[in-house]
Amino acid sequence: SSDGTYTVFAPLNSAFDKLDDNLLTKLLDSVWQPQLQDLLQYHTLGSVVRSSDLVDGMAVATLNGEDITINLDPARVNGNSYILIDDELVDVEASNGIIHGIDTI
């Protein structure tokens, strides 16, 4: 946690269910904390980006330094994580930013 405003592309619980059980167990082990932190930062932008700000083909740097690409037809991150617009899980207000739900990690 740190000060600032963020956009988080937050996987639903069902997205975690798609992970291999061994990987999920490892990520929750304190030894793997750097990898978990990297994964979380990969899903986080350092500013507020509302769904109305998203542009097809938009490349955005995440907090771990890697870029993600936004596509809009249909709305998704990096081609495989669908942004859950139809489920109204976009632009969810948080105390320090915005959350957009996604279906895949």
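Described below are features of the structure shown in this document. From a predicted model like this one, the values you see are computed outputs, not experimental measurements.

### Quick look at the overall build of the chain
Okay, so step 1: Each helix and strand counted, the chain has three helices and eight strands in total.
Okay, so step 2: Along its sequence from the N terminus, the chain presents helices and strands in the succession β-α-α-α-β-β-β-β-β-β-β.
Okay, so step 3: For a compact globule of 105 residues, the expected C-alpha radius of gyration is about 13 Å, and the chain comes in at 14 Å, within 12% of that figure.
Okay, so step 4: Each principal axis of the C-alpha atoms in the chain carries an extent, and together these give about 40 × 30 × 25 Å.
Okay, so step 5: Counting all 105 residues of the chain, 30% fall into the buried class.
Okay, so step 6: Put simply, of all contacts in the chain between residues at least 6 apart along the chain, 49% involve residues at least 24 apart.
Okay, so step 7: Total accessible area computed for the chain in this model is approximately 6500 Å², and 50% of it derives from carbon and sulfur atoms.
Okay, so step 8: Distance from the positive charge centre (4 side chains) to the negative charge centre (17 side chains) of the chain: 4 Å.

### A closer look at the pairing of strand β4 (residues 67-72)
Okay, so step 1: Examined bridge by bridge, strand β3 (residues 58-61) and β4 share four bridges and lie antiparallel to one another. Its bridge partner being in β4, A59 is matched across the sheet by T69.
Okay, so step 2: Strand direction decides the pairing type here: β4 and strand β5 (residues 75-77), joined by three bridges, are antiparallel. Residue pairing for β5: I70 is matched across the bridge by V77.

About the thresholds
- Residues numbered from 1 in each chain as written.
- Predicted model: local features only at pLDDT ≥ 70, side-chain atom pairs only at ≥ 80, totals over all residues.
- Heavy atoms only, no water.
- Helix = DSSP H or I, 4+ residues; strand = E, 2+ residues; numbered from the N terminus.
- Rg over C-alpha atoms; globule rule 2.2 N^0.38 Å.
- Buried < 20%, exposed > 50% of the residue type's maximum accessible area, 1.4 Å probe, protein only.
- Contact = heavy atoms within 4.5 Å.
- Areas by Shrake-Rupley, 256 points an atom, 1.4 Å probe, with all protein chains shown as cover.
- Lys, Arg positive; Asp, Glu negative; His and termini not counted.
- Charge placed at Lys NZ, Arg CZ, Asp CG, Glu CD.
- Pairing = 2+ DSSP bridges.

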